[in-house]
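Structural overview for review
Listed below, chain by chain, are the residues.
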Amino acid sequence: MKAMILAAGRGERMRPLTDACPKPLLKVRGRPLIVWQILSLVRAGITDIVINHAHLGQMIEDALGDGAQYGARIRYSPESSALETAGGIAQARHLLGEEPFVVLSGDIFCPHFNYEQVLNTLEDKDMWGNPWPEGQRDMAWLYLVRNPDYHPQGDFALHNYSIANRSNDGGPLWTFANIGVYRPQLFDGIEPGTHAKLGPLLRQYADRGVVGGEVYRGQWFNVGTAEQLAQLNAPPAPNQSI
């Protein structure tokens, strides 16, 4: 399986830090955010990685190179201006092949996420070994997390591993973790060079009942502001005596 790391965002809320450094290269605990993700992918055997970039993108290429230092093979998909999430994936489609691939944001911090679990999420056959009927196989598999304080309304409901745009039973909505596995055909309708967001596309396919998913309950942070970055880098509080 191949992976794509989305790294083209400007990081407006992280300014002024991102005026001189692309957001994925900001460090958490001594290591750039994007490097945490690369190492996690390689640990799971996912070594063929595509990274898109726009703002200060050459700095990302200079820092990461061809990926050999991490045991990876990194290729780049430069964008003159950021094409948004789905647009960036469509632009890099020729580098991602015709098999399902995993896509993740370069500015999330989830050091314990085990990417081995993504490898068999979009099988071509059901659990009995039968091919999926036309129109019934999942086109995407999303990982969801508890709603953070800044996003209390959540994004999706989850019913027996099926993603829905709303809850039918009064159950909770969860936040999309910005980690997902996609069939390349999901992006057939987006021409390379087009600006397009991923959220509306996923909602469209969720309404068709062909998006699966599960909840990830480990440590996860979407590092969006300088304050959040500082909190992650703050030294742990000393143990208090009883």
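Structural notes, computed from the coordinates. (Residues numbered from 1 in each chain as written. Predicted model: local features only at pLDDT ≥ 70, side-chain atom pairs only at ≥ 80, totals over all residues. Heavy atoms only, no water.)

Looking at the packing of aromatic side chains
Tallying each qualifying case throughout the model produces 8 aromatic pairs. Taken together, a centroid distance of 4.9 Å and an interplanar angle of 65 degrees make the contact between phenylalanine 113 and tyrosine 216 edge-to-face. Separated by 103 residues along the polypeptide, phenylalanine 113 in the loop between β7 (108-109) and β8 (140-145) and tyrosine 216 in the loop between β12 (211-215) and β13 (221-222) bring together distant segments of the chain. Both residues of the pair, phenylalanine 113 and tyrosine 216, belong to the buried class. An angle of 20 degrees between the planes, with centres 6.4 Å apart, marks the rings of tryptophan 141 and tyrosine 161 as stacked. Placement of tryptophan 141 in strand β8 and of tyrosine 161 in the loop between β9 (157-159) and β10 (162-164) is noted, with a sequence separation of 20 residues between them. A relative accessible area of 11% means that tryptophan 141 is categorised as buried. (Phe/Tyr/Trp six-rings, centres within 6.5 Å; stacked < 30°, edge-to-face > 60°. Helix = DSSP H or I, 4+ residues; strand = E, 2+ residues; numbered from the N terminus. Buried < 20%, exposed > 50% of the residue type's maximum accessible area, 1.4 Å probe, protein only.)

Some thoughts on the nonpolar core
One recurring pattern in soluble globular proteins is that nonpolar side chains are buried together. Ranked by size, the top nonpolar core spans 44 residues in total, and within it Ile38, Ile51, Leu64, Val102 and Tyr115 carry the most contacts. The element best represented in this core is helix α2 (residues 33-43), accounting for 6 residues. Leaving out residues up to four positions away in the same chain, valine 102 has contacts with Met1, Lys2, Ala3, Met4, Leu41, Ile46, Tyr115, Val118, Ile179, Gly180 and Val181. In this structure, Ile89, Leu95, Phe101 and Tyr205 belong to the second largest nonpolar core, which totals 32 residues. (Core = buried A, V, L, I, M, F, W, Y, C linked by side-chain atoms within 4.5 Å. Contact = heavy atoms within 4.5 Å.)

Side note on the environment of isoleucine 46
Relative to the helices and strands, isoleucine 46 is located in the loop between α2 and β4 (48-53). On the basis of relative accessible area, isoleucine 46 is assigned to the buried category, the value being 0%. Apart from the residues lying within four places of it in its own chain, the contact partners of isoleucine 46 are Met1, Lys2, Ala3, Leu41, Val102, Tyr115, Val118 and Leu119.

Quick notes on the side chain of asparagine 52
Mapped onto the fold, asparagine 52 is located in strand β4. At a separation of 2.8 Å, a polar atom in the side chain of asparagine 52 contacts the main-chain amide nitrogen of alanine 7. Leave out the neighbours within four places in its chain, and asparagine 52 touches Met4, Ile5, Leu6, Ala7, Ala8, Ser77, Glu79 and Gly88. (Polar contact = N/O pair within 3.5 Å; in protein donor to acceptor, adjacent residues only side chain to side chain.)

Considering the pattern of salt bridges
Evaluated as defined, the whole model comprises 5 salt bridges. A salt bridge links aspartate 48 to arginine 73; its shortest N-O distance comes to 3.6 Å. In this pair, aspartate 48 is assigned in strand β4 and arginine 73 in strand β5 (residues 73-78), connecting sequence segments 25 residues apart. Here aspartate 48 falls in the buried class, since its relative accessible area comes to 16%. (Salt bridge = Lys/Arg side-chain N within 4 Å of Asp/Glu carboxyl O.)

A short note on the state of the cysteines
Simply put, disulfide is the name for a covalent bond between the sulfur atoms of two cysteines. Going through the model one piece at a time under the given rule, you end up with 0 disulfides. We note that cysteine 21 lacks a disulfide partner, and the nearest cysteine sulfur, in cysteine 110, lies 19 Å from it. What makes cysteine 110 buried here is its relative accessible area of 4%. (Disulfide = S-S within 2.5 Å.)

So, the pairing of β12
With 4 of 5 residues buried, β12 lies mostly within the body of the structure. In this structure, β8 lies alongside β12, joined through 5 bridges in parallel fashion. Within β12, the residue paired with alanine 140 across the bridge is valine 211. (Pairing = 2+ DSSP bridges.)

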